[in-house]
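Here is how the chains run, residue by residue.
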Amino acid sequence: LKDLGLALLEQKHDLSRGDQYLEMASFGLPLEAPYLFVQSGKSHDQKEEGEQSLKWFEKAVQSGKLIGGKNLPEASRLAYYSAVKFLADYHLHAKDSSKAIEYFQLFSEFERSGVETLRTLASLYEETNQPLAALRATEQALIYQGSDKDLLARKEKYLFSIQPNELAQSPE
């Protein structure tokens, strides 16, 4: 089913049948599910079927979260994190901060996510009036780039914007 589904997606003429085959294959190959779903998402994206591609990227993320991104084989792990990044950027540009935060948090677990992911996450927390979470993301970014002037300025700004009651709720 996997090979047949991938072949149908490659031919680009019967995507719905290819999607069905890959979805069925994912039940028998759960470790490959994120990879299979991303292939469907990419095919729909190439045909400019945005809603369908989003649906498949979300399925890839859901299946990857069930197993855990770090527990997936390499191809599925890379597909999972590419779907997470795609959805994070999509929701960032759509101005859906809560969804963007959710996906950027997942993406920050990827070893190749980088400091810019944490900087974006801190900005999103700042936009949603969560200075303690913004400070945590900034502190994490400073581990990798301790002399970054922007991050140091953000840290100071967030430190002064945290209310005492917030600190009492989160002593750690």
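Residues numbered from 1 in each chain as written. Predicted model: local features only at pLDDT ≥ 70, side-chain atom pairs only at ≥ 80, totals over all residues. Heavy atoms only, no water.

Trainee: Please clarify how the pattern of salt bridges should be interpreted in this entry.
Mentor: Pairing between side chains of opposite charge can happen when the charged atoms of each approach one another. Here the structure, examined in full by the defined rule, presents 14 salt bridges. The shortest N-O distance in the salt bridge between D89 and K85 comes to 2.9 Å. In this pair, D89 and K85 both sit in helix α5 (residues 74-93), four residues apart, roughly one turn of the helix. On the basis of relative accessibility, which here comes to 28%, the residue K85 falls in the partly exposed class. (Salt bridge = Lys/Arg side-chain N within 4 Å of Asp/Glu carboxyl O. Helix = DSSP H or I, 4+ residues; strand = E, 2+ residues; numbered from the N terminus. Buried < 20%, exposed > 50% of the residue type's maximum accessible area, 1.4 Å probe, protein only.)

Trainee: What exactly am I supposed to notice about the nonpolar core here?
Mentor: Note on soluble globular proteins: their nonpolar side chains tend to be buried together. Judged by nonpolar contacts, the single largest core of 34 residues is most densely connected at V61, Y80, V84 and Y103. Among the elements of the structure, α3 (33-46), α4 (50-67), α5, α6 (97-107), α7 (115-127) and α8 (131-144) are those that each provide at least two residues to this core. Looking at this core, the element that brings in the most residues is α5, giving seven residues. Dropping the residues within four chain positions of it, V61 is found in contact with Y80, A83, V84, L87, Y103 and L106. (Core = buried A, V, L, I, M, F, W, Y, C linked by side-chain atoms within 4.5 Å. Contact = heavy atoms within 4.5 Å.)

Trainee: When you look at helix α9 (residues 149-161) in this model, what are you seeing that I'm missing?
Mentor: Residues three or four positions apart in an α-helix share a direction because the helix packs 3.6 residues into each turn. In a regular helix each residue adds 1.5 Å, so 13 residues correspond to 18 Å; α9 covers 18 Å between its end C-alpha atoms and thus fits that length. Residue D148 occupies the N-cap position of α9, its side-chain oxygen lying 2.9 Å from the main-chain nitrogen of D150. (Expected span 1.5 Å × (residues − 1). Polar contact = N/O pair within 3.5 Å; in protein donor to acceptor, adjacent residues only side chain to side chain.)

Trainee: How should I be thinking about the packing of aromatic side chains in this particular structure?
Mentor: Centre distance and the angle of the planes are the two values used to describe a pair of aromatic rings. By the definition in use, this model includes five aromatic pairs. Each member of the aromatic cluster is reached from another via a ring pair, and the members are Y80, Y81, F107 and F110. Cation over ring: K59 sits above F37, and NZ or CZ is 5.9 Å from the ring centre. (Phe/Tyr/Trp six-rings, centres within 6.5 Å; stacked < 30°, edge-to-face > 60°. Lys NZ or Arg CZ within 6 Å of the ring centre and 35° of its normal.)

Trainee: Just checking my understanding: could you explain the environment of Q62 for this structure?
Mentor: Topologically, Q62 is positioned in helix α4. The sequence separation of Q62 and A33 amounts to 29 residues, and the corresponding C-alpha distance is 9.6 Å.

Trainee: Even after reading the chapter, I still don't get α7, so can you show me in this structure?
Mentor: Taking 1.5 Å per residue as the helical rise, α7 with its 13 residues ought to reach 18 Å, and the 18 Å between its terminal C-alpha atoms agrees with that figure. Directly after α7, the chain includes N129, whose backbone phi takes a positive value near 60°.

Trainee: Looking at this structure, I do not really get the packing of helix α1 (residues 2-11) against α3. What am I missing?
Mentor: In a packed pair of helices, the relevant descriptors are the angle between the two axes and the axis-to-axis distance. Running from N to C, α1 and α3 point in directions that differ by 15°, and their axes come no closer than 10 Å. For the element pair α1 / α3, the angle class is roughly parallel. Along this stretch, α1 crosses α3, giving a crossing that reads as left-handed. Residues K2, L6 and L9 of α1 form the contact with α3, whose participating residues are L36, Q39, S40 and S43. (Axes fitted to C-alpha atoms, helices over the stretch in contact; angles between N-to-C directions. Parallel < 35°, antiparallel > 145°, perpendicular 65-115°, else oblique. Left-handed = near helix turned anticlockwise from the far one by under 90°.)

Trainee: Help me understand the environment of E116 in this model?
Mentor: Assignment of secondary structure puts E116 in helix α7. For the pair E116 and A141, spaced 25 residues apart in sequence, the C-alpha to C-alpha distance is 8.2 Å. For E116, the side chain forms a polar contact with the side chain of R119, separated by 3.1 Å.

Trainee: Would you take a moment to explain the packing of α8 against α9 for this structure?
Mentor: Taken N-terminus to C-terminus, the directions of α8 and α9 make an angle of 150°; their axes are 9 Å apart at the nearest point. When the axes of α8 and α9 are compared, the pair comes out roughly antiparallel. α9 is crossed by α8, and the crossing has left-handed handedness. Where α8 abuts α9, its residues P131, A134, L135, T138, E139, A141 and L142 lie against L151, L152, R154, K155, Y158, L159 and S161.

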